[in-house]
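As a plain string of letters, each chain reads:
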Amino acid sequence: MPIVRRVRPTDLLSLNLCNLDSYTENYDLNFYLTYLMKWPSLFQCVEEDGGKIVAYIMGKLETSPPHHPYPLPWHGHITILTVSPHYRRLGYAKLLTSSLERTCNQSSAWFVDLYVRASNKLAIDMYRKMGYSVFRRVVMYYSDNPNGTSGDEGGGEDAFDMRKPLDRDKERKHVRENGEEFTVSPEDVY
């Protein structure tokens with residue numbers, strides 16, 4: 001029976017077993033510790049099989065500086081959502097995402113957003129089923145291709161900035177139709 005719980009410091013040494021695909025970014029220990037200290041309620045895992053971590057989500061609450069070219073209001077952000085390959089299609093991604101969304105709603109966030117590789121069709125479809133839509137395309141956001149090689153002439157891969165409005169955004173000001181056609185550069189995102 002799966003258990004959803006907050007990540008503990010000792011869990012950080014076990015998370016890499018969930019990062020076994022080319023779409024999941026890997027970070028150093030300090031990055032994970034920063035999230036654990038600043039946003040502990042948004043760093044959760046699914047534990048199964050006697051303590052084995054099989055999925056986790058890492059998020060934060062933030063706003064952009066007012067002088068930013070595309071200022072963002074108070075919102076939640078999913079930095080990482082990953083499920084171990086053998087535990088996919090069991091609803092764990094939805095379980096973790098729903099938990100993060102509830103926490104962001106309780107904190108009066110306007111929306112939850114995330115970045116996903118434009119080539120990751122399975123993830124894009126999953127997020128759409130959970131109520132997310134593409135807000136904008138970030139051109140060459142990722143510096144490598146999912147197969148680990150650099151793109152031609154220093155290029156990489158585009159990302160979709162996907163968003164789901166929360167209760168505070170009653171007028172849906174922070175989502176748009178046809179977001180795939182609205183392009184920005186990585187320097188324009190916060």
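Everything that follows concerns the structure shown earlier in this document.
This write-up is about the structure you can find in this document. (Residues numbered from 1 in each chain as written. Predicted model: local features only at pLDDT ≥ 70, side-chain atom pairs only at ≥ 80, totals over all residues. Heavy atoms only, no water.)

## Examining the overall build of the protein
Secondary structure assignment for the protein yields three helices and eight strands. Secondary structure elements in the protein, listed N-terminal to C-terminal, are β-α-β-β-β-α-β-α-β-β-β. Scaling as 2.2 N^0.38, a compact globule of 190 residues should have a C-alpha radius of gyration of about 16 Å, and the protein matches this with 16 Å. If you line up the protein on its principal axes, its C-alpha atoms span 45 × 40 × 30 Å. Scored against the burial criterion, the 190 residues of the protein give a buried share of 49%. In the protein, the share of contacts with a sequence separation of at least 24, taken over all contacts with a separation of at least 6, comes to 68%. Accessible area for the protein stands at about 10,200 Å²; split by element, carbon and sulfur atoms hold 52% of it. (Helix = DSSP H or I, 4+ residues; strand = E, 2+ residues; numbered from the N terminus. Rg over C-alpha atoms; globule rule 2.2 N^0.38 Å. Buried < 20%, exposed > 50% of the residue type's maximum accessible area, 1.4 Å probe, protein only. Contact = heavy atoms within 4.5 Å. Areas by Shrake-Rupley, 256 points an atom, 1.4 Å probe, with all protein chains shown as cover.)

## Focus: the nonpolar core
Counting residues in each nonpolar core, the largest one holds 43 residues, and the members touching the most others are Phe43, Tyr127 and Met162. Counting residues per element, the ones that place at least two in this core are helix H1 (29-38), strand E2 (43-48), strand E3 (52-62), strand E4 (75-83), helix H2 (92-106), strand E5 (111-117), helix H3 (121-129) and strand E7 (157-165). A total of seven residues in this core trace back to one element, the largest contributor, which is E3. For Met162, the contacting residues outside a window of four places in its chain are Val112, Asp113, Leu114, Val116, Ile124, Tyr127, Arg128, Tyr132, Ser133, Val134 and Phe135. One finds Val138, Tyr142, Val184 and Val189 within the second-largest nonpolar core, a separate group that totals six residues. (Core = buried A, V, L, I, M, F, W, Y, C linked by side-chain atoms within 4.5 Å.)

## Remarks on the packing of aromatic side chains
Inspection of the entire model under this criterion finds 11 aromatic pairs. Between Tyr32 and Phe43, the ring centres sit 6.5 Å apart and the planes meet at 25°, which makes this aromatic pair stacked. Remark: Phe43 occurs in strand E2 and Tyr32 occurs in helix H1; sequence separation between them is 11 residues. Residue classification places Phe43 among the buried residues on the basis of a relative accessible area of 0%. Ring centres of Tyr141 and Tyr142 lie 5.0 Å apart, and the angle between their planes is 90°; this geometry places the pair in the edge-to-face category. You can call Tyr142 buried: its relative accessible area is 12%. An aromatic cluster is defined as three or more aromatic residues linked by ring pairs; in this entry it consists of Tyr27, Phe31, Tyr32, Tyr35, Trp39, Phe43 and Tyr56. Its end group placed over the ring of Phe135, Arg163 keeps NZ or CZ at 3.5 Å from the ring centre. Sitting over the ring of Phe182, Arg176 keeps its end group 3.9 Å from the ring centre. (Phe/Tyr/Trp six-rings, centres within 6.5 Å; stacked < 30°, edge-to-face > 60°. Lys NZ or Arg CZ within 6 Å of the ring centre and 35° of its normal.)

## Let's talk about the state of the cysteines
Within this structure, the stated rule accounts for zero disulfides. With no disulfide partner, Cys18 has as its closest neighbouring cysteine sulfur the one in Cys45, 8.5 Å distant. Using a relative accessible area of 0% as the deciding quantity, one classes Cys18 as buried. Distance from the sulfur of Cys104, which forms no disulfide, to the nearest cysteine sulfur (Cys45) is 17 Å. A relative accessible area of 0% places Cys104 in the buried class. (Disulfide = S-S within 2.5 Å.)

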